[in-house]
Amino acid sequence: MVKSITANEQGQFSAEDYTVFTIMLGISTAIGVYFGFFQKKKNQTTEEYLLGGRKMKTFPIAISLIASQLSGVSIMSVPAEMYSYGAQYWIIAPTMIVITLIINYVFVPVFYNNQITNCYQYLEDRFSPAVKKFVTFTYVLNIYLILPIFIFIPALAFSQVSGVNIHLINGIVCGVCIFYTMLGGIKAVVWTDVVQGLIMFVSCFLVVFIGVAKIGGLQEVYERANAADRLDIFDMTLDTTTRQTFWTASVGNIFLWTGYLGLSQSCVQRIVAVPSMQHARAALWIFCAGFLVIMTLNCFTGIVIFAKYFDCDPIKVGLVQKADKLLPFFVQDVVGNLKGMPGVFISCVFSAGLSTMSANLNSLAGLIYEDYIRPFKLFKHTDASANSTMKLIILVSGVYCIAMGLIVEQFGHILQMVVTIASVTQGAVMGIFCLGMLWPWANKHGALWGTATSVIGMSWIIAGAQMAISNKELTYPPKPTSVDGCYEYGFNVTANDFPTLVAPQDEAEFSIYNISFVWYSTLGTFLVFLVGIPVSYFTGSQDMRNFRAKLICPLVQWLLPEEVRRNDFSLKAENEKSNVAPIKEWTFTANETEKYKERHGVIEQTL
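Here the structure is a predicted model, which means the values were calculated and not measured.

Further remarks concern the side chain of Thr 136. The residue Thr 136 is located in helix α8 (residues 129-162) in this model. For Thr 136, a relative accessible area of 0% gives the class buried.

Printed below as a string of structure tokens:
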């Protein structure tokens, strides 16, 4: 088996593979050219560039969310997680139903009722500009830390199957992504995501289907994986130091993914780009169904890889340097003799990376311009100058991602690293929005101190954990793999050549640094509440006299005094026959009504 892999010249990239890969990049570039030049008149305004005029279609937005959330990290690292640690991580797939419910009925109504396009603007409306600036800064910092990883992982896969220098291909593909994101704005991002999402699904399905067939069928895959304890998805232990359990994969990921999907600007920007709240909710449910299918397929890929190499681990015999490279190695093995199939797979991985990178670059450009450039009034603001400035931001950010590839190359387990970096601020973001939308009495002091405590506290815990990992005091040993069958393929190795790794045990003392990295976001969220609520109380709770009820989630507005709930103005849409999807009710506060009257000449009405 392994001997045939190393001797299989057809496992390397062929002319057909390069052709398939080039076509994928060409389609992405063509979409950017189309929306950048041929639809130039419709892309003049900043709103068109960032939101598509808020007239985007539901299905493309849903597919775009799927493609961007399932990054190259997911395509490469989730199978590696399954191979090394078993199927426990799959619980995230059905958990997405709960996450979608939370986003649809807690966050989406607040964003639409307040006409929010920059999700961090909510924090200024609810608390203060200082809170918004602090959280925006943490988001921008977090994205710049994590973005280079998203595009470097596909380059890792390409290098594995083709032998091309990893930094060369990283630069070329980043250049393509920068090009179409700069030119076409959100429309180019969404429609390239649709094409790339289709490539992702087809290639993942084909690789798994052919792999199962070559192993001998689903029954054989099941028996091999089950015998090696790779199918346990209901580990109900309550030990928070265990890497993956049912509780970390479900509860822990609810906090992580709810904040990542529902409260990151790249996602919110697309959620509010559709005409109405109903369209947004529909898009999120389509996303949920697609995510469940793709994530299940992705997880099953890892189980199939294990079943293929159940008696001879490619990592132990030195054919693969680390688990994150197993998937391209597997592709070389099972479909390397099929012309063009490795190219389809690499296109899949790059599609996932490109969709994530382009979505983040687009939202990042808008955020930096609105929050860090426009307020200084360095030049006269026009749609043309704003669009040019955002394109420059995208270009500089893309070059930064290419350069950071030199550092990302040194990382160990990629999935763990991504979750760890994101968790420095993800819990704080989740906590501050939930505090604002679900706890009416929280004030700006509680919000600021709660968020700062969460970021500082999680930075301290994560730094301590990373030191413990570097000192071998904290390890996550993978499940056992076998080399018993390697001698049949030309490798003279035995199990004695590979000492068994065991996690350090210290039952006498619990250390906060030893908790599983999946719990970081959950802990960060609770820190915001644990500090934010008492500080709000001791500094004088939120003054309800000037409070806007629509800043609170509709599910908890019953907590507000009746006079506060009646303070908002309700106006019905005048043009029910408009081509734009009708909005049955707009909600305005007293200080917004004058602006509305100036634009529409509406006579003030009080409930």
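Enumeration according to the criterion identifies 18 aromatic pairs in this entry. Summarising the aromatic geometry, the rings of Trp 257 and Tyr 260 are spaced 5.7 Å apart at their centres and angled 85° between planes, so their arrangement reads as edge-to-face. Taken together, the residues span about one helical turn, with Trp 257 and Tyr 260 both in helix α11 (residues 246-262) at a distance of 3 residues. Here the aromatic cluster, defined as three or more aromatic residues joined through ring pairs, consists of Phe 111, Tyr 120, Tyr 122, Tyr 139 and Phe 433.

Attention shifts here to helix α19 (residues 520-538). Compared with the 27 Å implied by 1.5 Å per residue over 19 residues, the 28 Å span of α19 between its first and last C-alpha is a close match. Residues of α19 that are buried: Tyr 520, Ser 521, Thr 522, Gly 524, Thr 525, Leu 527, Val 528, Gly 532 and Ser 536. Directly after α19, the chain includes Gly 540, whose backbone phi takes a positive value near 95°.

We now examine the packing of helix α13 (residues 277-308) against helix α14 (residues 326-335). It is the contact of α13 with α14, at a shortest axis distance of 11 Å, that shows an interaxial angle of 60°. Taken as axis vectors, α13 and α14 run oblique relative to one another. The two elements α13 and α14 cross, and the hand of that crossing is left-handed. Along the contact surface, α13 presents Thr 301, Val 304, Ile 305 and Lys 308, while α14 presents Leu 327, Phe 330, Asp 333 and Val 334.

This brings us to the environment of Thr 58. Note on placement: Thr 58 falls in helix α4 (residues 58-69). Considered as a pair, Thr 58 and Ile 286 are 228 residues apart in the sequence and their alpha carbons are 8.8 Å apart.

This next bit is on the pattern of salt bridges. Within the structure shown, the criterion is met by 7 salt bridges. Of the charged contacts in the structure, one is a salt bridge between Glu 220 and Arg 224, with a shortest N-O distance of 2.9 Å. Taken together, the residues span about one helical turn, with Glu 220 and Arg 224 both in helix α10 (residues 218-227) at a distance of 4 residues. Accessibility expressed as a relative area gives 27% for Glu 220, which makes it partly exposed. A salt bridge links Lys 479 to Asp 229, with the shortest nitrogen-to-oxygen separation between them at 3.0 Å. Here Asp 229 lies in the loop between α10 and α11 and Lys 479 lies in the loop between α18 (444-470) and α19, a separation of 250 residues in the sequence. A residue is classified by how much of its surface remains accessible, and Lys 479, at 24% relative accessible area, is partly exposed. Note on Asp 229: relative accessible area 41%, which makes it partly exposed.

Rules of the game
- Residues numbered from 1 in each chain as written.
- Predicted model: local features only at pLDDT ≥ 70, side-chain atom pairs only at ≥ 80, totals over all residues.
- Heavy atoms only, no water.
- Helix = DSSP H or I, 4+ residues; strand = E, 2+ residues; numbered from the N terminus.
- Buried < 20%, exposed > 50% of the residue type's maximum accessible area, 1.4 Å probe, protein only.
- Phe/Tyr/Trp six-rings, centres within 6.5 Å; stacked < 30°, edge-to-face > 60°.
- Expected span 1.5 Å × (residues − 1).
- Axes fitted to C-alpha atoms, helices over the stretch in contact; angles between N-to-C directions.
- Parallel < 35°, antiparallel > 145°, perpendicular 65-115°, else oblique.
- Left-handed = near helix turned anticlockwise from the far one by under 90°.
- Contact = heavy atoms within 4.5 Å.
- Salt bridge = Lys/Arg side-chain N within 4 Å of Asp/Glu carboxyl O.

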